[in-house]
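Secondary and tertiary structure notes
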Amino acid sequence: MLYDNKYYGQIIISDSIKENSKIAISQFKKNHFKKICMLTGDNQKTAQYVAEQVNIEKFYASLLPIEKSKIIEQAKNNKETTIFVGDGVNDAPSMILSNIGISMGQIGSESAIEASDIVILDDDLNKINFLKQLSRINKFVVYWNIIFSISIKVIALVLNIFGILKEYAIAVAIFADVGVTILCCINSLLIYLKRK
């Protein structure tokens, strides 16, 4: 700030770092995210400061939207699964290119929200860790339901072929079909209880 040709100071305007960002990044590492990179249009100095504050080892600064997209494309060409988290119009192309696009719904632009696969409504980065844990539970429950239902049906079929069930064949067949379906539905409800 100059007044009467004398320098009195300056005002620096910058975005503040979210309080839970550092915690979320450390949780990403615990949840086995292999590479955590920051792609930003901000200058090198700002990007380095933010990266140091939230413990991100690798970052790319002063990027145009097309340059962000090229980095995502390169990662995909190396057979890496990519997750891109963003909130602006310039993030939309990268979200579309990545395997999973996540937008911050509260502060995100409409184009970013439209381009993303997942929208985090309260802009809490820790929700990404929650989603990873929930997906693991979902995967386990789906596999368990498939194996359980096929196993019961095969057992019922084999027992019926060898005539072991006799007059109970219809009851066992109903259980193997309807009963197993109900049990798998109840098992799937455990995901809801875990979410709570």
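Up top is the structure these notes are about.
Figured I'd write up the structure that's included with this text. All chains use their own residue numbering, which begins from 1 and follows the written sequence. Whole-chain, interface and lining totals are the exception, using all residues; otherwise, since this is a predicted model, local features are given only for residues with pLDDT of at least 70 and side-chain atom pairs are given and counted only at 80 or more. Note that the side-chain values use all heavy atoms of the structure and ignore hydrogens as well as water.

A word on the pairing of strand β6 (residues 100-104). Among the 5 residues in β6, 4 count as buried, and that is most of the element. Between any two strands, pairing holds if DSSP finds at least two bridges. Strands here mean DSSP runs of E at least two residues long; helices mean DSSP runs of H or I at least four residues long; both are numbered from the N terminus. By the bridge criterion, 4 bridges tie strand β5 (residues 83-86) to β6 in an arrangement that is parallel. Across the sheet, residue G86 finds its bridge partner in β6, namely S103. In this fold, β5 hands off to helix α4 (residues 92-97), which returns the chain to β6; that crossover is right-handed. Classification of residues uses two cut-offs on accessible area relative to the type maximum, computed with a 1.4 Å probe and protein chains only: under 20% is buried, over 50% is exposed, and between them is partly exposed. Assignment of crossover handedness uses the view with strands pointing away from the viewer, where a clockwise path from the first strand over the helix to the second indicates a right-handed crossover.

Right, let's talk about the side chain of D91 for a bit. Along the chain, D91 falls in the loop between β5 and α4. With a relative accessible area of 7%, D91 lands in the buried category. The residues contacting D91, other than those within four sequence positions of it, are K68, F84 and G86. Residues are treated as being in contact if the distance between any of their heavy atoms lies within 4.5 Å.

Here we come to the packing of aromatic side chains. Working definition: a ring pair exists when centres of Phe, Tyr or Trp rings (six-membered ring for Trp) sit within 6.5 Å. Plane angles under 30 degrees give stacked, over 60 give edge-to-face, the rest tilted. Taken as a whole and assessed by the stated rule, the structure comprises 2 aromatic pairs. On the numbers, 4.9 Å between centres and 15° between planes, the contact of W144 with F148 is stacked. Here the residue W144 and the residue F148 both occupy positions in helix α6 (residues 126-161), the gap between them amounting to 4 residues, near one helical turn. The class for W144 is partly exposed, based on a relative accessible area of 38%. For F148, a relative accessible area of 21% corresponds to the partly exposed category. For the cation-ring pair, K132 lies above F33, with the distance from its terminal atom to the ring centre recorded as 4.6 Å. Criterion for a charge above a ring: Arg CZ or Lys NZ at most 6 Å from the ring centre, at most 35 degrees from the ring normal.

Assignment of secondary structure puts S94 in helix α4. According to the relative accessible area criterion, S94 is buried, its value standing at 0%. In this structure S94 touches P65, K68, S69, I72 and F84, once residues within four positions along its chain are discounted.

Let us look at α6. Residue count minus one, scaled by 1.5 Å, sets the expected span of a helix. In this model, α6 (36 residues) spans 53 Å end to end at C-alpha, consistent with the 52 Å of a helix rising 1.5 Å per residue. Buried residues of α6: I128, N129, L134, V141, N145, S149 and A156, and no others. Within two residues after α6, G163 carries a phi angle of roughly 70°, on the positive side.

What follows covers the sheet that holds strand β7 (residues 118-120). The parallel open sheet is built from 3 strands, whose spatial order is β5-β6-β7. Single-partner strands in this sheet number two, and they are β5 and β7. The mean angle between the axes of side-by-side strands here comes to 20°, regardless of whether they run parallel or antiparallel. Under this scheme, a helix contributes an axis fitted over its contacting stretch, all axes are lines through C-alpha atoms, and angles between N-to-C directions fall in the 0 to 180 degree range.

What is expected of a backbone is that most residues other than glycine have negative phi and most peptide bonds are trans. Here H32, not a glycine, exhibits a phi torsion of approximately 65°, which is positive. Take H32: it is sitting in the loop between α1 (21-30) and β3 (37-39). Despite not being glycine, S62 shows a phi value in the positive range, around 55°. Examined against the element boundaries, S62 turns out to sit in the loop between β4 (58-60) and α3 (65-77). A relative accessible area of 47% places S62 in the partly exposed class.

All right, on to the pattern of salt bridges then. What makes a salt bridge here is a side-chain nitrogen of Lys or Arg within 4 Å of a carboxyl oxygen of Asp or Glu, nothing more. Scanning all chains against the criterion turns up 6 salt bridges. Where E57 meets K29, a salt bridge forms, and the shortest distance between an N and an O atom there is 3.1 Å. A residue pair is termed long-range when its members are at least 10 positions apart, and E57 in the loop between α2 (44-54) and β4 and K29 in helix α1 qualify at 28 residues. Overall, E57 belongs to the exposed group, its relative accessible area being 62%. For the salt bridge of D122 with K127, the shortest nitrogen-to-oxygen distance reads 2.8 Å. Owing to a relative accessible area of 31%, K127 belongs among the partly exposed residues under this scheme.

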